[in-house]
Amino acid sequence: MQNIDFAELKSALDYAANNSSFYKKLYAEQNVNVDTVKTIEDFQSLPFSDKYDLRNAYPLGLQAVPDEKVVRIHSSSGTTGNPVIIPYTANDVDAWATMFARCYETAGITNLDRIQITPGYGLWTAGIGFQAGCEKLGAMAIPVGPGNTEKQLQLMQDLGSTVLCATSSYALLLSEEINKRGIRDKIKLKKGVIGSERWGDLMRARIAEDLGIELFDIYGLTEIYGPGIAIDCECHDGMHYWDDYFYFEIIDPATGKVLPDGEVGELVITTLKKEAAPLIRYRTHDLTRIIPGKCPCGSSYPRIDRIIGRTDDMIKVKGVNIFPGQIEDIIKSVPGLSSEYQIVIAHTDGKDTMTMRVEVEPGADKDTVAAGVITTFKAKIGIKIDCEALDIGGLPRSEKKSKRVFDYRED
Ligand code: ZN
C-alpha cells in the first residue's frame, strides 16, 4: 500500500467536502460525515465517485473554487451523454506541468532534447500537457499536433527531433512511413513517449525496432489533470506515479474492497492537491496493480503496472476475477500458440467450468501445448481450466474486434 500521510489525505477530503458542490451533494445523499473519518480504514469506506456521476455535474458542478480562480477547462469526450468538464486553477495547470516535466526526466529526457508533440490540442488534455511539461523542463517543444504526416517528417528531419510524443497507432504509422521512404538515417529520434491507448508488446517491439528508439508508456486521464500522472522509467517494469499528488488504491471492481499490493484490480485515485476539481476515490475503470517493492532505478516513487484492460472486460469464474490482459500474457508465455483464443464458460453440476480454445502452430504437439496452457493458467490465475487445442485457422477471424468470451452461465 502506498505510504500516505493520513493528515494530508484527510485535508484533501475535507477540502473536497467543504468546497465541491459535487461532494457536498454526494456525501449528503450517502449520509457521510467526513468528521468521523479518522483512519485509513474509515477513508476506504467512503463512497466512490464515477464518471457517470461526474457527467451529471455538467457543466461546472465540479468546480470547487470561485470563478476568478479558474483559468482553463478541459473536457473528456463523451460518446454518450454529457461530457465531463474539468476546471483548472493556475496552480492546477502548474502542478500538471511539474508532473509532466518529472515524467520526461524519469524517461531520461533533458532540456537539450527536441520534443515533437503529435497528440491533439483543444478541449482534451493531450497536446497541451505534453507541451507544458516540455517547457517546464526547458526542452524545445515542436507542437505539430495530430496528422499531416508530410510536415511531421519534414520537421523531424530539419529540426532534428529527438523525442516523439504520440499515440501508439500514430507512432507505428510514422515508423512505417520513415522506413518506406528510406529516411531513417536522417532521423535523430532517440525516445518515444507513448500514451492514451492500450497496446501490445508486439506493436511496442515493432515501433522500437523500426525507429531504433526506446519507448516509454505514459498514463493519465482527463478527470485527473490529463496524461503525465505516471510513466515508465529506464527499467521498463511498471510506471512510477506521483504519490505527492495522488493517493492510489486498487479495488476489486465487483465488491469495491481494497486489494493488497500486487493484486490486479481497478485503479481508484484521490487527488491531494487539485484545487478547481478535486476528486476523492475516483474510479478509473482501468485495471492494473501496485507493484510491491522498490524499483531498481532507485526512484522512491511507487509503481503501477501497465494498464491491462478495462473493468468492463473483466470476467469472474469460480470466484476469481480474470482480465483479458492476463489471458493474453498466458498465450504469449506458452510456446507454439497463435495469438487467437476463445474462452467458453458454463455452469454445470453446481460449479463454473472454463475452457480455453487455442490454435497450435504446425509442428507443435497439441497435447503438450494444451497441458502447458492448463498448468500456466493454474499457476498464474489460480484456477483449473480445460483447454481445447485446434489447428491454425480453427478459430474465426474477424475484421472487427473478435468476440472471445462466451459465457453460457446465465442461460
Ligand atoms: Zn524505476
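Residues numbered from 1 in each chain as written. Predicted model: local features only at pLDDT ≥ 70, side-chain atom pairs only at ≥ 80, totals over all residues. Heavy atoms only, no water.

Asker: Summarise unusual backbone geometry; cite the residues concerned and give the values.
Answerer: With the exception of glycine, the majority of residues adopt a negative phi angle, and the majority of peptide bonds are in the trans configuration. At the junction of Y58 and P59, the peptide bond is cis and its omega measures out at 0 degrees in the coordinates. The topology assignment puts P59 in the loop between helix 4 (51–56) and strand 1 (70–76). Phi angles above zero are rare outside glycine, and R281 is one such case at about 50 degrees. Relative accessible area serves as the criterion here: at 0%, R281 is assigned to the buried category. Positioned with a positive phi, D349 is a non-glycine residue whose angle comes to about 50 degrees. In this fold, D349 is placed in the loop between strand 18 (337–348) and strand 19 (351–360). Residue classification places D349 among the exposed positions, given a relative accessible area of 80%. (Helix = DSSP H or I, 4+ residues; strand = E, 2+ residues; numbered from the N terminus. Buried < 20%, exposed > 50% of the residue type's maximum accessible area, 1.4 Å probe, protein only.)

Asker: Kindly report on the coordination of the zinc ion, identifying the contributing residues and their values.
Answerer: Protein-derived ligands of the zinc ion are C233 (SG), H240 (NE2), C295 (SG) and C297 (SG), with the metal-ligand distances lying across 2.1 to 2.3 Å. Of note is the zinc ion, whose four donor atoms meet at the metal with angles of 104 to 115 degrees in an arrangement that counts as tetrahedral. Donor residues binding the zinc ion come from one chain and are separated in sequence as C-x6-H-x54-C-x1-C. Of this pair, C233 sits in the loop between strand 8 (226–232) and strand 9 (239–241) while C297 sits in the loop between strand 13 (290–291) and strand 14 (303–304), and the two are 64 residues apart along the sequence. For C233, a relative accessible area of 1% translates into the label buried. (Donors = N, O, S within 2.8 Å, 3.2 Å for Na, K, Ca; no water. Tetrahedral: all angles 85-135°; square planar, octahedral: opposite > 155°, others 65-115°.)

Asker: Got a sec to walk through the pairing of strand 18? Specific residues and values, please.
Answerer: In the case of a regular strand, side chains alternate between the two sheet surfaces. Pairing analysis gives nine bridges linking strand 18 to strand 19, with the strands arranged antiparallel. Pairing of T348 across the sheet is with K351, part of strand 19. Once strand 18 ends, the chain turns through two residues before running back antiparallel as strand 19, passing D349 with a positive phi of about 50 degrees. Bridging between strand 18 and strand 21 (residues 405–407) involves three bridges; their strand directions are parallel. (Pairing = 2+ DSSP bridges.)

Asker: Describe the sheet that holds strand 14, and please don't skip the residues or the numbers.
Answerer: Ordered by their spatial adjacency, nine strands build an open sheet running 4-3-5-6-7-8-9-14-13, and the pairing between neighbours is mixed. On the outer flanks of this sheet lie strand 4 (140–142) and strand 13, each paired with one strand and no other. Together, strand 3 (114–117), strand 5 (163–167), strand 6 (191–195), strand 7 (214–221), strand 8 and strand 9 form the strand contacts of helix 5 (residues 90–106), whose direction differs from that of strand 8 by roughly 30 degrees. (Contact = heavy atoms within 4.5 Å. Axes fitted to C-alpha atoms, helices over the stretch in contact; angles between N-to-C directions.)

Asker: Residue-level account of the domain arrangement of the chain, with values.
Answerer: We note that the domain assignment places domain 1 (89–310) and domain 2 (315–407) within the chain. Averaged C-alpha coordinates put domain 1 and domain 2 at centres separated by 31 Å. Where domain 1 packs against domain 2, one counts zero salt bridges. If you look at where domain 1 meets domain 2, you find one residue pair in polar contact (both at pLDDT 80 or more). Residue classes in the side of domain 1 that touches domain 2 are distributed as five nonpolar, no polar and three charged. (Domains from an automatic or database assignment. Salt bridge = Lys/Arg side-chain N within 4 Å of Asp/Glu carboxyl O. Polar contact = N/O pair within 3.5 Å; in protein donor to acceptor, adjacent residues only side chain to side chain. Nonpolar A, V, L, I, M, F, W, Y, C, P; charged D, E, K, R; others polar.)

Asker: Outline helix 8 (residues 168–180), supporting the account with residue identities and numerical values.
Answerer: Helix length check: helix 8, at 13 residues, gives a terminal C-alpha distance of 18 Å against a target of 18 Å (1.5 Å per residue), a fit within 8%. Along helix 8, the residues classified as buried are S168, Y170, A171, L172, L174, S175, E177 and I178. At its buried positions, helix 8 is contacted by helix 7 (149–159), strand 5, strand 6 and helix 9 (201–211). (Expected span 1.5 Å × (residues − 1).)

Asker: Outline a nonpolar patch on the surface, listing residues and values.
Answerer: A contiguous nonpolar surface patch, about 250 Å² in accessible area, is contributed by L60, I73 and L123. Take L123: it is sitting in the loop between strand 3 and helix 6 (126–137). Judged by relative accessible area, which is 54%, L123 ranks as exposed. (Patch = residues over 30% accessible without salt bridge, like charges linked within 9 Å, V, L, I, M, F, W, Y side chains within 5 Å. Areas by Shrake-Rupley, 256 points an atom, 1.4 Å probe, with all protein chains shown as cover.)

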